[in-house]
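Structural overview for review
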Amino acid sequence: MSNASGKSPDKHPVKGITGKIAKRRKQVDKDLLKTVASEILTDTASQPPPVPEEDEGEVFGTELDELTGGQLPPPPPDHLDDETTFEQQGLPPVPEDLEDSPPPPPDDAGRVSEFPNMELISEKLRQHGQSLPDDPPPPPQDMPDEEADETSKKKPLFKKKLPLGEILVLHHVITHQQLDYALAYQREHARDQKLGEVLFKLKLVTTQNYPLLINALMTQLKSAEIDLTHVGEFVDFSLAERLKLTRLEKDQFFPLRIIEDRGMRTLEVFIENDADLLKLDELAAIYSVSKVRPVGKFDKNLLKTLFTEIQKGKAAEIQPDSSDRITVLEAPDEASVDNDAIQRGREDNYISRITNKIIYDGVKLGASDIHVEYGEIPRVRYRVDGLLQEGGWISTEDYPAVISRLKIMSELDISERRVPQDGNIRLGIEGMGVIDFRVNTIPVSGNEKVCLRILDGQKLHDLTLDQIGLPEPILESYIDIINRPQGMVLITGPTGSGKSTTLYSSLIYLLETRGKEMNICTAEDPIEYKLEGLNQTQLNEKVGLTFPKILKALLRQDPDIILVGEIRDLETAGLGVKASQTGHLVLSTLHTNTAIATVSRLVNMGVEAFMVADTVLSVMNQRLARRICPNCAEPYTPDRKLLAMIPPNERDDYTFLRAKGCPACNYRGYKGRIGLYEYLRVSRDLRRMIINGASEEELLYQAREENFLTLREYGLLKVKEGLTTLDEVASHTIDPFE
């Protein structure tokens with residue numbers, strides 16, 4: 001045959017077939033291949049030529065010439081009339097044995113086989129008694145149902161080459177309409193973001209579908225094709241939580257899971273450089289495994305999105321409070337506020353309602369503090385019963401607006417983000433009355449953090465001295481001391497131990513019993529509760545109004561009782577001691593671990609020992625321990641370490657309880673708090689020892705002879721009463737005799 005068309009051989013329809021043969025380097029007789037090629041040419045001439053692949057070039061023309069000796073049939077015309085015969089077109093007749101050949105495969109058959117014509121070539125060779133080397137056996141036509149089921153089970157859940165969108169639609173994570181919408185949004189507004197990030201942003205993926213989405217993401221990251229039903233079977237996110245996300249991004253790895261087989265622990269990871277042996281050894285040491293196996297490449301943006309969203313899944317996003325139960329009040333006191341004012345003061349915009357929801361939930365939970373924190377996932381946490389608990393997360397887009405809203409409510413400068421600021425909010429909350437908040441902002445990496453201290457004055461009025469948990473002997477002695485005309489009464493303990501509550505309860509008692517005939521003045525930083533009948537002064541260091549200056553001024557205000565928020569330095573301590581020596585009762589706080597240590601602290605500050613002995617009337621050291629939930633408390637046997645706190649001969653008197661958790665306590669095991677107290681009344685013998693410079697140990701043994709109970713001993717009494725647990729006592733107290 002001759003090539004009468006004048007066209008170059010590389011345009012011929014069979015060049016792809018012969019090219020594949022040449023690539024496979026089969027050692028087949030060249031004359032036989034010529035015959036086979038001629039027969040196939042006859043068969044394929046009636047079909048339109050396939051579009052040549054761009055990367056094959058003219059090399060196939062050379063291969064074709066070598067195989068056919070330059071004798072090629074003419075290519076078919078562009079349009080072949082149905083009534084025109086092959087003979088009229090100058091083409092050889094169709095062989096009889098191919099007239100009943102099956103129809104050509106469908107258009108998508110190329111996805112199944114990379115070489116769609118190899119079966120035809122193999123068939124032709126077999127007709128001539130030859131075969132291609134290593135020719136794979138044809139697939140079985142009839143397969144039993146059981147074997148078919150087994151084969152289908154082994155198929156991977158996802159195909160690597162499928163786009164992420166198709167995977168998600170295939171497994172019902174999203175619908176076709178949602179995919180089209182996300183792709184359109186990505187083209188118009190988020191070209192630099194991947195589809196997974198866009199789906200998260202548009203909230204098209206629900207929490208229930210996270211496992212399926214994670215499977216799809218793992219496939220996109222070229223992980224092993226494993227059939228995953230639940231994410232927990234493949235990804236252990238606790239491994240990633242051991243390290244910060246910044247570390248994962250910097251070192252470009254992501255731990256997936258640890259597999260244990262025959263006593264060996266193997267860590268599977270995504271990692272950028274799987275040849276970095278030092279990094280693999282470091283991961284093996286971090287996770288205590290014998291081997292680290294890379295299973296895919298690290299994708300920074302996709303893994304960050306995945307990790308972030310899984311963390312968000314641990315808490316709900318804070319949604320706007322549609323009921324609008326909070327009103328910002330400008331009224332100076334509660335008397336001018338009623339429910340009508342609360343109704344009129346409602347806010348309608350989105351950010352205001354989110355902020356109101358944050359505050360309302362904190363008050364409803366009985367929290368003492370609300371933390372609005374910036375991070376990879378901005379979040380809200382509430383301090384309930386002394387411990388922080390998750391309150392929800394805020395979107396990164398809404399976080400700056402929420403901070404600005406809190407600043408506006410606190411009358412702070414919203415443009416100042418470089419220095420801390422302090423402010424106050426007074427809110428009318430539906431069903432809860434008027435509540436004050438002390439607000440502090442501080443710059444943190446990337447943004448600002450806000451902390452709100454909830455100051456519920458109504459609760460404080462309900463907490464009188466006989467209701468804060470003081471036992472009868474301590475209560476009687478303490479009331480006797482604060483009725484003295486002069487001297488110093490100190491409340492000690494760490495931050496959050498209830499010192500302010502005890503002080504204000506003391507002032508409320510004094511106001512109720514002697515308020516009409518006494519001038520009570522305070523110097524506070526800040527003023528936490530505003531009480532009618534007190535002359536309260538706020539410290540302001542910006543204008544030079546410090547504790548010493550306030551104390552000096554108050555001494556000229558003819559006071560009977562002075563409350564100093566905190567003794568922080570020698571000048572304040574010295575002025576307090578002098579005030580108590582000149583006919584005033586001084587109440588204040590100090591940060592010490594034990595009541596006995598308070599004496600040493602004042603002496604170490606520089607106050608003369610004889611002045612301490614002469615002025616200090618009593619010291620109350622206190623803590624707040626969680627109260628065990630009575631609905632789910634159950635008896636148990638503590639371990640040896642906890643039992644060591646109790647003398648062996650007294651253990652039979654205890655019924656040890658532990659916190660189990662139930663709906664009544666929100667599954668925390670504890671509900672509310674109780675006070676643990678260590679009360680030291682300075683006796684004549686103790687004064688003499690202080691003047692003589694006695695040590696803390698000597699003072700402790702002397703107090704012991706005067707029926708002094710340490711904080712731990714008091715806590716053990718509460719354990720015996722079934723009010724708290726040994727764990728709580730151990731975490732809040734120490735044994736001063738050890």
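Structure shown above.
Only a predicted model underlies this, so the values are computations on that prediction, with no experimental measurement involved.

Let us now look at the overall build of the protein chain. Within the protein chain one finds 28 helices and 19 strands. Looking at the 738 residues of the protein chain, the share that counts as buried comes to 45%. A separation of at least 24 residues holds for 64% of the contacts in the protein chain among residues at least 6 apart in sequence. Within the structure as shown, the protein chain displays about 40300 Å² of accessible surface, and the carbon and sulfur contribution to it stands at 48%.

For the rest of this paragraph, the subject is the pattern of salt bridges. Where charged atoms from two side chains of opposite charge come close, those side chains can pair. Per the counting criterion, the structure on display carries 21 salt bridges. As a salt-bridge pair, Arg381 and Glu373 come within 2.9 Å of each other at their nearest N and O atoms. Classification of Arg381 by relative accessible area gives buried; the value is 18%. When the shortest N-O distance is used, the salt bridge between Glu566 and Arg568 registers 3.5 Å.

Here we come to the sheet that holds strand S2 (residues 264–271). Reading across the sheet, the three strands line up as S1-S2-S3 and stay open at both edges, with mixed pairing between neighbours. Unpaired on one side and paired on the other, strand S1 (253–261) and strand S3 (291–296) mark the two borders of the sheet. Pairwise comparison of adjacent strand axes, ignoring direction, gives a mean angle of 30° for this sheet. On top of the sheet, helix H12 (residues 277–286) reaches S1, S2 and S3; it is set at about 130° to S2, its chief contact.

All of the buried residues along H12 are Lys279, Leu280, Leu283 and Ala284. Seen along its axis, H12 keeps its buried residues to an arc of 140°; they face one direction. What points out from H12, more than 90 degrees from its buried face, is the exposed set Leu277, Leu278, Asp281 and Ala285. Of the residues trailing H12, Ser288 is marked for its positive phi of about 55°.

A separate point is the nonpolar core. Formed by 37 residues in total, the largest nonpolar core has its most connected members in Met488, Leu602, Val616, Leu680 and Leu699. What Leu699 contacts, discounting residues up to four positions off in sequence, is Ile596, Val599, Leu686, Met689, Ile690 and Ala694. In this structure, Ile491, Ile508, Ile520 and Leu534 belong to the second largest nonpolar core, which totals 34 residues.

The next thing to look at is the environment of Asp456. Tracing the backbone shows Asp456 in the loop between strand S10 (447–455) and helix H17 (457–462). The buried category is assigned to Asp456, whose relative accessible area is 13%. When near neighbours in sequence (up to four residues on either side) are disregarded, Asp456 contacts Val434, Ile435 and Tyr529.

Let us now look at the packing of aromatic side chains. Any pair of aromatic rings gets described here by the distance separating the centres and the angle formed by the planes. Counted according to the given criterion, the structure contains four aromatic pairs. Taking the centre distance of 5.6 Å and the plane angle of 0° together, the rings of Tyr654 and Phe656 count as stacked. Summarising the burial analysis for this pair, Tyr654 and Phe656 share the class buried. Judged by centre distance (6.0 Å) and plane angle (75°), the rings of Tyr677 and Tyr714 are edge-to-face. With Tyr677 in strand S19 (residues 670–681) and Tyr714 in helix H27 (residues 711–720), this pair connects stretches of sequence that are 37 residues apart. Here the basic side chain of Arg626 rests over the ring of Tyr670, its NZ or CZ set 4.0 Å away from the ring centre. Cation over ring: Lys720 sits above Tyr654, and NZ or CZ is 5.0 Å from the ring centre.

This part takes up the packing of helix H20 (residues 547–554) against helix H21 (residues 570–581). At their nearest, the axes of H20 and H21 sit 9 Å apart, and the two run at 20° to each other. Between H20 and H21, the angle falls in the class roughly parallel. The element H20 and its partner H21 pack so that their crossing is left-handed. Touching Phe547, Pro548, Leu551 and Lys552 of H20 are Glu571, Thr572, Leu575 and Gly576, all from H21. Tallied by class, the residues present in the contact of H20 with H21 amount to four nonpolar, two polar and two charged.

Below, the discussion takes up the pairing of S3. Examined bridge by bridge, S2 and S3 share five bridges and lie parallel to one another. Residue Phe270 lies in a different strand from S3, and its bridge partner there is Gly296. Crossover S2 to S3 through H12 is right-handed.

Below, the discussion takes up unusual backbone geometry. The residue after Asp525, namely Pro526, is reached through a cis peptide bond having omega -5°. Following the sequence through the fold, Pro526 ends up in the loop between strand S12 (520–524) and strand S13 (535–538). The phi dihedral of Asp385 falls on the positive side, at around 55°, and the residue is not glycine. Counting through the fold element by element, Asp385 comes out in the loop between strand S6 (379–384) and strand S7 (387–393).

Let us look at the sheet that holds S19. In space, the seven strands of this open sheet follow the order S13-S12-S14-S15-S11-S16-S19, with mixed pairing throughout. Each having just a single partner strand, S13 and S19 make up the two edges of the open sheet. Here the average twist between neighbouring strands, direction ignored, is 20°. Examined bridge by bridge, strand S14 (residues 561–564) and strand S15 (residues 585–590) share four bridges and lie parallel to one another. Counted as the bridge partner of Val564 is Ser588 from S15. Docked against the sheet, helix H19 (residues 499–514) engages strand S11 (487–492), S12, S13, S14, S15 and strand S16 (616–628), running at close to 165° with respect to S15.

Once that is clear, we can look at the environment of Leu183. With respect to the helices, strands and loops of the structure, Leu183 is situated in helix H7 (residues 176–189). On the basis of relative accessible area, Leu183 is assigned to the partly exposed category, the value being 28%.

You can see Thr589 is positioned in strand S15. In this view, Thr589 contacts Ile491, Lys499, Leu503, Val564, Gly565, Glu566 and Ile567; residues no more than four positions away in its chain are not counted.

About the cut-offs
- Residues numbered from 1 in each chain as written.
- Predicted model: local features only at pLDDT ≥ 70, side-chain atom pairs only at ≥ 80, totals over all residues.
- Heavy atoms only, no water.
- Helix = DSSP H or I, 4+ residues; strand = E, 2+ residues; numbered from the N terminus.
- Buried < 20%, exposed > 50% of the residue type's maximum accessible area, 1.4 Å probe, protein only.
- Contact = heavy atoms within 4.5 Å.
- Areas by Shrake-Rupley, 256 points an atom, 1.4 Å probe, with all protein chains shown as cover.
- Salt bridge = Lys/Arg side-chain N within 4 Å of Asp/Glu carboxyl O.
- Pairing = 2+ DSSP bridges.
- Axes fitted to C-alpha atoms, helices over the stretch in contact; angles between N-to-C directions.
- Arc of directions from axis to C-beta.
- Core = buried A, V, L, I, M, F, W, Y, C linked by side-chain atoms within 4.5 Å.
- Phe/Tyr/Trp six-rings, centres within 6.5 Å; stacked < 30°, edge-to-face > 60°.
- Lys NZ or Arg CZ within 6 Å of the ring centre and 35° of its normal.
- Parallel < 35°, antiparallel > 145°, perpendicular 65-115°, else oblique.
- Left-handed = near helix turned anticlockwise from the far one by under 90°.
- Nonpolar A, V, L, I, M, F, W, Y, C, P; charged D, E, K, R; others polar.
- Right-handed = clockwise from strand over helix to strand, strands pointing away.

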